Amino acid sequence: EAGVTQSPTHLIKTRGQQATLRCSPISGHTSVYWYQQALGLGLQFLLWYDEGEERNRGNFPPRFSGRQFPNYSSELNVNALELEDSALYLCASKFRQGAEKLFFGSGTQLSVL
Amino acid sequence: RKEVEQDPGPFNVPEGATVAFNCTYSNSASQSFFWYRQDCRKEPKLLMSVYSSGNEDGRFTAQLNRASQYISLLIRDSKLSDSATYLCVVNNNQGGKLIFGQGTELSVKP
C-alpha cells in the first residue's frame, strides 16, 4: 500500500513568487495535516483538513492557504514568498478525525532565493 | 511557555549505553502522547504511543506522569542505528492538531 506522497520533492522559488505543494494521503485516510519545519527548528502546525474542510490552522499569515479535494488529496499554497518561508513542508494523514496515528510523507523542501 | 518542551540536545552516548529523554507539556487537558523519531531531514515516524501505565517496546520504555505533565523515553543498550532526533508529541484534542516538541538529537558512537 502506498504511503503519503508529496510533490515536488524540491522546489526553488524567488521572493514574491507563489508556491504550490501537493499531498496524497494514504488510501482511506480522510484527514490531512500540513507542518512546516525550518532548519534547526521543530515542526510547526500549519493546517488541518478533514472531509474536505479546513478544521484548524496554526499561527501563520493568510498567505499560507490550502484546500482538500474530494479524493482527500490536498494542496498547500504559499503566496508572496519570503526568504523565511524556506523550510521542509511535511504532509501527514490519518484514518479519521479521532484516530491517533499520523503518517508523514517525505516532504517538499522549499527554497526561497 | 512552549506547549511541549524537550531536553536540549545533543546527547552523545557510546554503544550499549542507556539514555533517557524528558518532555513536559503545558496543557493539563492533553489526551494522548507519542514519541516520534526523525532521521536527518526525513519524515518523522511514530516510535511508540505513551500510556498512563507506562509501556515498553523492546529496548524502548515510555512513561507518562499526568500529575507532573511529564513524559519520558528510555532507550536501553543503545545501537548506532538509534542515532536520530526524538520528538515528543502531544494531542490535546483542541482542533485535532498534534503538537511537536523541538526534538532531542541522539548520537550513538562506536
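Residues numbered from 1 in each chain as written. Chains lettered and ligands numbered in written order. Predicted model: local features only at pLDDT ≥ 70, side-chain atom pairs only at ≥ 80, totals over all residues. Heavy atoms only, no water.

Draft legend 1. Local environment of the interface of chain B and chain A. Taken residue by residue, the interface counts 17 residues in chain B and 22 residues in chain A. Summing both partners gives a buried area of about 1,700 Å² for chain B against chain A, and 53% of it is carried by carbon and sulfur. Elements that contribute at least two residues to the side of chain B that touches chain A include exactly strand S4 (32-38) and strand S10 (98-100) of chain B. (Contact = heavy atoms within 4.5 Å. Buried area = accessible area lost by both parts, 1.4 Å probe. Helix = DSSP H or I, 4+ residues; strand = E, 2+ residues; numbered from the N terminus.)

Draft legend 2. Seen up close, the packing of aromatic side chains. Residues and elements named next belong to chain B. All chains considered together, the criterion is met by 13 aromatic pairs over all chains. With 6.5 Å between their ring centres and 70 degrees between their planes, phenylalanine 34 and tyrosine 36 make a pair best called edge-to-face. Across the pair, tyrosine 36 and phenylalanine 34 agree in class, each one buried. (Phe/Tyr/Trp six-rings, centres within 6.5 Å; stacked < 30°, edge-to-face > 60°. Buried < 20%, exposed > 50% of the residue type's maximum accessible area, 1.4 Å probe, protein only.)

Draft legend 3. View of the layout of surface pockets. Considering only enclosed or pocket space, the largest pocket measures out at about 510 Å³ in volume. Gln37 and Gly40 of chain A together with Thr85, Gln102 and Glu105 of chain B are the residues nearest the centre of the largest pocket, which is lined by 24 residues in total. When residues of the lining of the largest pocket are traced back to their parent elements, those giving at least two are strand S1 (4-6), strand S9 (84-91) and strand S11 (104-109) of chain B. In terms of residue class, the lining of the largest pocket is made up of 7 nonpolar, 11 polar and 6 charged. The volume enclosed by the second largest pocket comes to roughly 380 Å³. Lining the second largest pocket are 17 residues, and of these Leu43, Gln44 and Phe45 of chain A together with Glu3 and Ile99 of chain B lie nearest its centre. Breaking the lining of the second largest pocket down by element, the ones donating at least two residues are strand S5 (44-50) of chain A together with S10 of chain B. (1 Å grid on protein atoms, 1.4 Å probe; cavity = no way out; pocket = protein on both sides within 12 Å on 5 of 7 lines; lining within 4 Å. Points joined across faces, edges and corners; volume = space filled by probe spheres on them. Nonpolar A, V, L, I, M, F, W, Y, C, P; charged D, E, K, R; others polar.)

Everything listed here is a matter of geometry and, on its own, says nothing about what the molecule does.
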